[in-house]
Amino acid sequence: MNPFSSGTRLRDMIRAIRACKTAAEERAVVRKECASIRAAVSDNENDYRHRNLAKLMFIHMLGYPTHFGQMECLKLIAAPGFPEKRIGYLGLMLLLDERQEVLMLVTNSLKQDLNHTNQYIVGLALCALGNISSAEMARDLAPEVERLLQFRDPNVRKKAALCSIRIIKKVPDLAENFVNPVASLLKEKHHGVLLTAIQLCADLCMISEEALEYFRKKCTEGLVKVLKDAVNSPYAPEYDISGISDPFLQIRLLRILRILGHGDADASDLMNDILAQVATKTESNKNAGNAILYECVETIMSIEDSGGLRVLAINILGRFLSNRDNNIRYVALNMLMKAISIDGQAVQRHRATILECVKDSDASIRKRALELVSLLVNESNVKPLTKELIDYLEVSDNDFKGDLTVKICSIVEKLSPEKIWYIDQMLKVLCEAGNYVKDEVWHALIVVITNASNLHGYTVRALYRAIQTSGDQEAVVRVAIWCIGEYGDLLVNNIGMLDLEEPMTVTENDVVDAIEVASKRHASDLTTRSMCLVALLKLSSRFPSCSQRIKDIVTQFKGSHLLELQQRSLEFDSIIEKHQNLRSALVERMPVLDEATYSGRRAGSLPAVASTSQGNPLQLPNGVPKTVDAPLLDLLDLSADEPAPPTSSSANFLQDLLGDDILSSSSQSGRIQTQKSGTDVLLDLLSTGSPPAQNGSFTADILSISEDNNNKTTVNALNGLSSPVVTSAQRSHTSPVMDLLDGFGPNPTLPNNGPTFPPLVAFENSSLSLIFKFSKQPGSPQITQIEASFTNKSSEVYTDFIFQAAVPKFLQLHLEPASSNTLPGNGNGSITQKLRVTNNQHGKKSLVMRIRISYKLNNKDMLEEGQISNFPRDL
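Small disclaimer: the values here were computed from a predicted structure and weren't measured. (Residues numbered from 1 in each chain as written. Predicted model: local features only at pLDDT ≥ 70, side-chain atom pairs only at ≥ 80, totals over all residues. Heavy atoms only, no water.)

## So, a nonpolar patch on the surface
Side chains of Met-61, Leu-90 and Leu-94 sit close together on the surface and give an oily, nonpolar patch of about 280 Å² of accessible area. With respect to the element layout, Met-61 can be found in helix H3 (residues 49-61). Looking at Met-61, the relative accessible area reads 58%, which means it is exposed. (Patch = residues over 30% accessible without salt bridge, like charges linked within 9 Å, V, L, I, M, F, W, Y side chains within 5 Å. Areas by Shrake-Rupley, 256 points an atom, 1.4 Å probe, with all protein chains shown as cover. Salt bridge = Lys/Arg side-chain N within 4 Å of Asp/Glu carboxyl O. Helix = DSSP H or I, 4+ residues; strand = E, 2+ residues; numbered from the N terminus. Buried < 20%, exposed > 50% of the residue type's maximum accessible area, 1.4 Å probe, protein only.)

This is how it looks when you write it as C-alpha cells:
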C-alpha cells in the first residue's frame, strides 16, 4: 500500500512523522500526506473520510494549515452514524472557532442532533455547542438547550448545564430563561449535575441582579442543606478523596454561598452555622482539606458576618502560615492581606508568624510577607516592627535588601512618631544598605534634618560616626558630607549635645580628613565628589585655620578627567583665594527646606502618576510628613517623544540644590543654559547676571555680578542672601525676584498681566461638564495656571467627587485641593480646582492631558475618562 494514500492509517502517519530526523523531512511528510488528503476530498471519497479527518487533526496540532478540511467536518457531522459524527464534531471543535463563517452551515445539523433520540449523539452536539458557539448560534439553539436541562439522563443534563454557561456569556439577555431550570437542578442528587448547576447559578448571579435576588430567596437554604449533607455524609468510595467526601462539590458550594451572602445579612445568617462546622470539622493534614478550609475562609471574609467567625477564619490562616507547603503559606499571606482591611486586630495576633515569613528562604513568600507587614504597621507598633525589619536587614540576602529597604523607608517616613527616631532609623538603614536605597530616600532625610534645628548637632555627630564605620555605603556618605558641610562647626564644638549622647572629640583637621577620604574613594561617583567639593568650600569659611589645606585639596581636582569637577575646582579655588569678601555670604547655611513642598514636588514630578487632590501631604504633630499615595494612571497613549530635561526630574532635586547639575557634554562643560524669554537669565549657584551671547550659548564668569540692560528680571541665586556688590540703586531698578530654590520659600505674588485665552470645554456629557480657564504670569510662558470648574447638570447630588489628571513626561503637573468633594445637582453650584502645568518644551509641543473623574451616585461608584488635546497652541 502507498504509505501516503488516503487509506493510510493514522498510526502509520504518526510513525512516519516521528521517524523524521529534521524539520525539513517532517514538512515533506506532511506535504505528501496533505496532498493525498486533498485528492481524496476532490474525489469525494467516503470510505476513508473519518480517517483523513483524524490525520488532519494531528497535522493541525503540529501547527500546519488544515483549512481545506473544514468542509469534511460538516460532511461527517451530517452522516447518520455515531462514529462519523464523533470524529466530525471533534474536528469541528479543533479545526474551527466561532469566528469562521463556515460555522453558520452547521447550525441546522446541531439542531437536529440536539433533538436526536440517541443520547450520545445529543451529548456530542452539546459538547460542540459549548465549545465553539457564537452569539447567533446561541440565540438559535437556546430553546433546545433549555429543554435538555430536564432530560432523563444525568450526563445530558450535566452537558446541557455546561453548554448553558456558554450561551448566557455570549447572549446575556437569555439569562432569565435559565433561572427556573437552574433552581430545579440545584436539588439534584447526582454530584456531576449538581457541580455544573452550581457553576451555572454562579454565572447567572454575576450577569443578572434579578437572578441573584431570586437565588438568595429561593435557593440559599437548599444549598446550605446540600453542604451540610456533604460534610456529614458517610464514606462513599466514588466521591471520597483523602478521607473527605467530594471536596470539589464542597468547594463549589462554598463559592456560591459566598456570592449569595455578599452584601445580604439574611442570607449570611442562614450559612453561619454550616461555615463554622466546615471550619472546625475539616482536617487540615491533607491537601483536599486545606483547599476546603481556604474556600471557607474566603467565604467567611466575603459575607456579612459577626466578628467571631472572622476570628476563626483568620486563625485558620495563621495555621496555614506554619504549614511546610510553600503554596499554602503563600495563599494564606494573600488572604491575610485582604483580611487586614476587615479585621486588622485579629490579623495583628499573628504578627510574629508573619515576621518569620519575611525571613523565609522562598523569595515569593518573603516579598508577600513584607507587603503584609507594611500593612500591619500602625502608630502603636511602628517601633518594634521597624526594629525587627532592620535587624533582619543586617543578615538578609543582597537580592532582597532592595525590596526590604524600600518598605522600611516607607514605613519610617509615613509613621514616624518623632524626628529623632526618624533620623536614627534612617541612619541604620543607610549604614546597612545605603547602596540599595533610591536617591529620593536620602533627599528626604536631608529635608527632615534641615527642619530639626534642635537636632543638627546630634545628627552631624551620628553621621560622622557612621561615615567612619560604613564608608562603603554611598547614601550615608552623601548625607554625612552634606551635613558636615552645613554643620561642621557644631561637630567640632560639641554644640547641641543630648543626654543620650556620649561626648566625643573631633578636631577641624579630623573633619577635613573625613571629607578628603570620601572624595578620593575609588567607589565615589561624580555626585559624591561634587558634594565633597561644596562641603570643603563651606568648611573653608567655618574653619579659617584649615583654609589653606582645604585649598590644596580643592586644587587637586583641577586635573580631573571630569569637566564638572574641573570647573568646581577652578571656581572654588578662586573664591577661597581671591574673593574672601564674598565667601561668607555664599556659603551661609541653607535655609530650612519646606517638607510639604518637597513631598508635593516628589509626588508630582514622577512620570505617569496621576496627581490628585487626595495626594497632599498630611502633617503629623512632630512635623514628619505623612503622604497619601496617589493612584496610578495609564498613559501609554500619551508617552513623550523626548525625555524631559534632567533638571526637571525629582532625582536631580538635591543636585540642583547643591549646584551638582550633571549635564551632557553639549551643555558647555556643565553650565546651565536657559531659553530666551524676553530676558536672557543665567542661573548659577554662585553668580547672577546676563552676559552677552557667544555663538548661541551663554557663559558667565563665576564671580561677575551684572545687571540686565533691560532691567526686567534679577535672579537672587542665594535665596535672599544679598551680595555686598549689589547696590541699593540696582535693587531699586529690578523687578520681582526669582527664587532659585523653586518651592522652598515664599514666592512673591506677580501681577497677572499675561496673555488671555478663551475658556475651554474640556469634558462634557449629559450630566457633567468641565471647563478650563487659563492664565499665565508675565515672563513665565512655560507655566500655565488652569482653573477647572465642574458643573452637575443632573438632578442628583454627586458625592466623593475626585478629579485626577496625568500628563506626558515633558510636562509637569501640580494639582491643588478641590473646593469641595460634593457636587450639587441642577447646576446649583460647582466645584473648582486649580492646576499648574509646566511645559518643558514650550513652543515645540502643545499641552495634552488625560483626565479621570470619579464620584458616587446613590452610593454607586461612577467613572468618567477622557483625553484633552485641543488646548490652545500658545500654552
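## Some thoughts on the pattern of salt bridges
A pair can form between side chains of opposite charge whenever their charged atoms are brought close. Enumeration over the complete set of coordinates arrives at 35 salt bridges. The residue Lys-551 makes a salt bridge to Asp-573 at a minimum N-O spacing of 3.2 Å. Placement of the pair is Lys-551 in helix H30 (residues 547-555) and Asp-573 in helix H31 (residues 563-578), with a sequence separation of 22 residues. Exposure class is identical for Lys-551 and Asp-573. Each is buried. Within this structure, Asp-513, Glu-516, Lys-520 and Arg-549 form a network of salt bridges that share partners.

## Let's talk about the sheet that holds strand S12 (residues 811-815)
Taken together, the five strands give an open sheet; going across it, the order is S8-S9-S10-S13-S12, and neighbouring strands pair in antiparallel fashion. Each edge of the open sheet carries a strand with a single partner, namely strand S8 (760-764) and S12. Averaged over all neighbouring strand pairs, the angle between strand axes comes to 25°, with direction disregarded. The sheet contact formed by S12 and strand S13 (residues 830-839) spans five bridges and is antiparallel. Bridging from a neighbouring strand, Gln-812 pairs with Thr-838 of S13. (Pairing = 2+ DSSP bridges. Axes fitted to C-alpha atoms, helices over the stretch in contact; angles between N-to-C directions.)

## As for the packing of aromatic side chains
Tallied over the entire structure, the rule returns eleven aromatic pairs. Consider the rings of Tyr-214 and Phe-215, whose centres lie 5.8 Å apart with planes at 75°: the pair is edge-to-face. Its relative accessible area of 28% is what places Tyr-214 among the partly exposed residues. For Phe-215, a relative accessible area of 0% translates into the label buried. Their ring planes at 20° and their centres at 4.2 Å tell us that Tyr-798 and Tyr-855 sit as a pair that is stacked. A residue pair is termed long-range when its members are at least 10 positions apart, and Tyr-798 in the loop between strand S10 (783-792) and strand S11 (799-806) and Tyr-855 in strand S14 (residues 849-857) qualify at 57 residues. Here the basic side chain of Arg-366 rests over the ring of Phe-400, its NZ or CZ set 4.9 Å away from the ring centre. (Phe/Tyr/Trp six-rings, centres within 6.5 Å; stacked < 30°, edge-to-face > 60°. Lys NZ or Arg CZ within 6 Å of the ring centre and 35° of its normal.)

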